[in-house]
Amino acid sequence: MLSVKLNGCDNFVKSTDYQEYVKKALATKAVLDAGTGAGNDFLGWKTLPSETLESDLIEQCGAVCDKWREMGVNLVVVIGIGGSYLGAKCAIEALQHGFVQRTDAPRIVFAGENLGEDYLCELMDLAKGMNVACIVISKSGTTTEPAVAFRIIKQFIEQKYGKAEASLRIVAVTDKARGALKSLSTQEGYKTFVIPDNVGGRFSVLTPVGLLPIMAAGYDVKKMLEGAKRMQDICSEASGENPAVKYAAMRNALYLGLGKKIEVLINFNPKLQYLGEWWKQLYGESEGKDGKGIFPASCNFTTDLHSMGQYIQDGERILFETLVSVATPSRKMVIEADEQNLDGLNFLAGKRVDECNQMAQLGTKLAHIDGGVPQIEVAIEKLDEEHLGELFYFFEYACGVSAYILGINPFNQPGVEAYKKNMFALLDKPGYEEASKEIRKRL
């Protein structure tokens, strides 16, 4: 079961001060639960685990995967950006073998999250020798990065298999009634899944946005939803021991009370790299507005202890860490003795690699706390579908509670439009002529 530990935080935050933030977190939790806060038309994510488990969505996703299996599909291109790909990418990276492609499910690759020409060319090099299907994810169908990628991949699939068969190989996850992608899907006969109107992109991993790609990769999304449902029940408790309340309270005590403006999400398991990427969008896009918000960063330890570790230990005291720890690895490897012992490591003979990793984790915690870096720990027992479901829901719920403490609407993202307007003007999009003239005067 997921737990939150406040490792050495009492060295930095007085108990009485922390309890005041617990009271604030419980108050904002009540607002979140009542649905009376800012952005309350985007709270559909709160009940997704329980509602989805009671629906036929898993069966619908399974039917698509079964059909593709019958067709021999061995490559699925998932097209999306931001919340439309990060949750699925995170889950698949965490669950899959790091080096060997499984034989009972297609390879999953991602496109539409960048505008890299070399990236797309190399992806198409791969696709030419594979049996390809595509999941395109967009509410509107007009977001530039995924729309460009989809145009290229759609044309490739149609040319390779014909338009009739392309309609079986392309699945859209989009708005239920409007938008360019919905219109195209209706026109071409694509199977569609709905992104609920009341769920924003960064909270959508437990909708078809995340569930369909994760299932296509061969993983058990029902177990993931069951883990999320367990956390949904836990987060409903109006208690200072509620893990979401503890996390939201302490991170705000560190930020508002002590001026710790940067939160570094760390892990000691390389499979969790993309959890950091998903989490950065969730908290950065939810809290970074109105001149407020903790800056979310991430590091992968022990790797980054040999680079960023220097700054964390001895740099400006403006940050704190949140560690996501995994108690039990899935595999076992023991370090053997070496007769020459030239590396001097025979003192480790007979120990598991994970024991070394755990001691590195403990040593890092002590060193960083001594160096003035508070640490919150989010602990799970093992890395599987159920515990990932717990993590997803926990961070989403805590995000809502935490942002409301700051007086921020966590469910909008007004700042992300600025670069798009400039880009459209520079690309001479119709309707942006005047903006283009003004921008070019500045260049």
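The paragraphs below set out a description of the structure included in this document. None of these values were measured; they are calculated from a predicted model.

Analysis parameters
Residues numbered from 1 in each chain as written. Predicted model: local features only at pLDDT ≥ 70, side-chain atom pairs only at ≥ 80, totals over all residues. Heavy atoms only, no water. Helix = DSSP H or I, 4+ residues; strand = E, 2+ residues; numbered from the N terminus. Buried < 20%, exposed > 50% of the residue type's maximum accessible area, 1.4 Å probe, protein only. Pairing = 2+ DSSP bridges. Axes fitted to C-alpha atoms, helices over the stretch in contact; angles between N-to-C directions. Contact = heavy atoms within 4.5 Å. Parallel < 35°, antiparallel > 145°, perpendicular 65-115°, else oblique. Left-handed = near helix turned anticlockwise from the far one by under 90°. Nonpolar A, V, L, I, M, F, W, Y, C, P; charged D, E, K, R; others polar. Phe/Tyr/Trp six-rings, centres within 6.5 Å; stacked < 30°, edge-to-face > 60°. Lys NZ or Arg CZ within 6 Å of the ring centre and 35° of its normal.

A closer look at unusual backbone geometry
Argument step 1. Residue T302 follows F301 across a cis peptide bond; omega there is 10°.
Argument step 2. With respect to the helices and strands, the residue T302 is situated in the loop between β8 (295-300) and α13 (309-314).
Argument step 3. We note that D290 has phi near 60°; this positive angle belongs to a residue other than glycine.
Argument step 4. Structurally, the position occupied by D290 is in the loop between α12 (273-287) and β8.
Argument step 5. Exposure remark for D290: the relative accessible area of 59% places this residue in the exposed category.
Argument step 6. Its identity is not glycine, yet N341 carries a phi of approximately 55°, on the positive side.

Things to note about the sheet that holds strand β10 (residues 375-380)
Argument step 1. The strand order β1-β10-β9-β7-β8 describes an open sheet built from five strands, whose pairing is mixed. The sheet terminates laterally at β1 (3-7) and β8, the two strands that pair on one side only. Strand-to-strand twist across the sheet, computed as the mean angle between neighbouring axes with direction ignored, equals 25°.
Argument step 2. For strand β9 (residues 319-326) and β10, the ladder comprises six bridges, and the chain directions are parallel. Its bridge partner lying in β10, V324 is registered against V378.
Argument step 3. Together, β1, β7 (262-267), β9 and β10 form the strand contacts of helix α11 (residues 243-258), whose direction differs from that of β1 by roughly 30°.
Argument step 4. Packing of helix α15 (residues 385-405) onto the sheet brings it into contact with β1, β7, β9 and β10, and relative to β10 it is tilted by some 140°.

Some thoughts on the packing of helix α4 (residues 86-95) against helix α9 (residues 208-216)
Argument step 1. Two elements in contact, α4 and α9, have axes separated by 8 Å at closest approach and are oriented at 30°. By the angle between their directions, the pair α4 and α9 is classed as roughly parallel. Note on packing geometry: the crossing formed by α4 with α9 is right-handed. On α9, the residues touching A88, A91 and I92 of α4 are V209, G210, P213 and I214.
Argument step 2. Partitioning the contact of α4 with α9 into residue classes produces six nonpolar, one polar and no charged.

Describing the packing of aromatic side chains
Argument step 1. The final tally for this structure, using the stated rule, is 17 aromatic pairs.
Argument step 2. Ring plane angle 50° and centroid distance 6.1 Å describe the contact between W45 and Y393, whose orientation is recorded as tilted. In this pair, W45 is assigned in the loop between α1 (15-34) and α2 (48-53) and Y393 in helix α15, connecting sequence segments 348 residues apart. Like Y393, W45 is buried.
Argument step 3. Between F424 and Y432, the aromatic rings sit 5.5 Å apart at their centres with planes inclined by 65°, giving edge-to-face as the arrangement.
Argument step 4. The exposure class assigned to Y432 is partly exposed, which follows from its relative accessible area of 24%.
Argument step 5. Chaining the aromatic ring pairs together yields one cluster made of W45, F203, Y393, Y397, Y404 and F411.
Argument step 6. Directly above the ring of Y21 sits K24, whose terminal nitrogen or CZ lies 4.5 Å from the centroid.
Argument step 7. Sitting over the face of the ring of F193, K191 holds its NZ or CZ atom 5.1 Å from the ring centroid.

Overview of the sheet that holds strand β5 (residues 170-174)
Two strands in a sheet stick together by hydrogen bonds in their backbones, pointing the same way (parallel) or opposite ways (antiparallel).
Argument step 1. With parallel pairing, five strands are arranged side by side in an open sheet as β3-β2-β4-β5-β6. Each edge of the sheet is formed by a strand with only one pairing partner; in this case those strands are β3 (107-111) and β6 (191-194). For this sheet, the mean angle separating the axes of adjacent strands, direction not counted, is 20°.
Argument step 2. Pairing of strand β2 (residues 75-79) with β3 involves five bridges; the strand directions are parallel. Residue pairing across strands places L75 opposite R107, the latter belonging to β3.
Argument step 3. With respect to the sheet, helix α3 (residues 57-70) is in contact with β2, β4 (132-137), β5 and β6, its orientation differing from that of β6 by roughly 150°.
Argument step 4. Packing of helix α6 (residues 144-161) onto the sheet brings it into contact with β2, β3, β4 and β5, and relative to β4 it is tilted by some 150°.

Everything listed is a geometric property; what it means functionally is a separate question.
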